[in-house]
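# Close look at the chain arrangement
As a plain string of letters, each chain reads:
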Amino acid sequence: MTSNAELHDAAQQLMPGGVNSPVRAFGSVGGTPVQMVSGRGPYLTDAEGNQYVDLVGSWGPALLGHRHPAVIDAVHSAVDAGLGFGTSHPSEARLAELVRGRVPGAEMIRMVSTGTEATMTAVRLARGATGKNIVVKFAGCYHGHSDGLLAAAGSGVATLGLPGSAGVTQAQASETIVIEYNDRAALEQVFAEHGENIAAVITEATPANMGVVPPEEGFNALIREITTRHGALMIFDEVMTGFRITDAGYWGASGREEGWEPDLFTFGKVIGGGMPTAALAGRREVMEHLAPTGPVYHAGTLSGNPVAMAAGVATLENATAEVYSHIDEKAQVVADALASALNEAGVDHTIQKVGSLFSVAFGTGPQGTGTGVHNYAQAGAQETFRFGPFFHSMLEQGVYLPPSVFEAWFLSGAHDDDAVGTILDALPAAARAAAQAQSA
Ligand SMILES: *Cc1c(COP(=O)(O)O)cnc(C)c1O
């Protein structure tokens, strides 16, 4: 049998870092990345035959767990009909209908292949529809890797400690203004200074790429109010949260209750059920600026691919109220056990949690007394060195966590009592490893 280490060594000769997406390289936790070869329900199996309880969920898409029978059947049927036609086909509108049924503000939808493409296109559309140039984003929010959105981004940019990215020109970066998340005064200020030139504010519905950072009460509503007042658009990035935090994403837990809607949504991850699909959606009047009805160009050879649509349709059809309440309940159990294990081991921390999405921040004050992380500056100031030993202890005990302290933990509808039990059993030793960790 070829070991994980041998496979990774071979991959490093062929691909930068041996990976196709940087966080997979274990850069911030050290050690050898694990090569997975199959998944079932809440489990992944690596090339050496080791089984893990998976808390990455393919970085979000696996809402129903791996190899959900309805999703696999739907994909098999779609494959049997052909891998793609380069034409319209009925399941595109079926998926669009399911999305609009959950999120009425998604009046019109354009399918794309990745979350990056969704946000990139949403920004172009906002500029095209408003005739303005500047986009405001929040430090630590990750919106994929298009040039203008990489300034002070979260996810791998945070994990690798990069200020942004080489290869992004000053001109591109200068049309993105970055302010701290949850900073109302900064938001007012940026509109006071540049209001006439701001095309859009883009925000993660609730940030989860600098660790989970809840929006303070009313923050999203304030973004909505200020953008409306200045004729700018609000782009609500639900690539991670969409169809995960509630049936209607984080909007379902915020705008739906508070009575507001963004102009544009971006979706990804869950919407494709594990296949490469994402979408932008929003008000008809804005969306109709897209080609062919309008002058803002977007196209895609694989946009709306029938196999991907089949996976998305089957995933949303099976993401029932019971699935959401199951995930919420299991997430609470794991988050509570994580807090107790860390308290028991004497590790200062906060559990950063919004709905079923959560992450841990180390060194932020004893549980219940610290105020936690509210923005990117605070996320970066935590004791990140405690995460590597914690992560590896969990891994050795058969639990596969996201290999970065800045990523959320993902549960699924398939995480049953056995799988959760494995996680709970592993936490005390991992918490002790975090307690013993030394800063470099
Ligand atoms: C994952 C993510 C993206 C990028 O999606 P990709 O499919 O990886 O390009 C954009 N925004 C948010 C909030 C994400 O979590």
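Criteria and thresholds
- Residues numbered from 1 in each chain as written.
- Predicted model: local features only at pLDDT ≥ 70, side-chain atom pairs only at ≥ 80, totals over all residues.
- Heavy atoms only, no water.
- UniProt positions renumbered as here; feature names shortened; annotations may be inferred.
- Helix = DSSP H or I, 4+ residues; strand = E, 2+ residues; numbered from the N terminus.
- Rg over C-alpha atoms; globule rule 2.2 N^0.38 Å.
- Buried < 20%, exposed > 50% of the residue type's maximum accessible area, 1.4 Å probe, protein only.
- Lys, Arg positive; Asp, Glu negative; His and termini not counted.
- Charge placed at Lys NZ, Arg CZ, Asp CG, Glu CD.
- Near = heavy atom within 4 Å.
- Polar contact = N/O pair within 3.5 Å; in protein donor to acceptor, adjacent residues only side chain to side chain.
- Areas by Shrake-Rupley, 256 points an atom, 1.4 Å probe, with all protein chains shown as cover.
- Nonpolar A, V, L, I, M, F, W, Y, C, P; charged D, E, K, R; others polar.

Named according to an unreviewed UniProt entry, the protein is Glutamate-1-semialdehyde 2,1-aminomutase originating from Nesterenkonia cremea. The UniProt entry for the protein carries the following text under Cofactor (unreviewed entry): "pyridoxal 5'-phosphate". Per UniProt, the protein has the following entry under Subunit (unreviewed entry): "Homodimer."

On to the overall build of the protein. When helices and strands are counted, the protein shows 15 helices and 13 strands. For 440 residues, the compact-globule formula gives about 22 Å, and the C-alpha radius of gyration of the protein, at 21 Å, lands near that figure. Residues classed as buried in the protein amount to 55% of the 440 residues present. Charge separation in the protein, taken as the distance between the mean sites of 23 positive and 45 negative side-chain charges, equals 5 Å.

Time to look at the site of the ligand. In the neighbourhood of the ligand, the contacting residues comprise Thr114, Gly115, Thr116, Tyr142, His143, Gly144, Glu204, Asn209, Asp237, Val239, Met240 and Lys269. Thr116 is positioned such that a nitrogen or oxygen atom in its side chain is 2.6 Å from an oxygen atom of the ligand. Protein contact buries 83% of the 380 Å² of open area that the ligand shows by itself. For the shell around the ligand, the class distribution of residues is three nonpolar, six polar and three charged.

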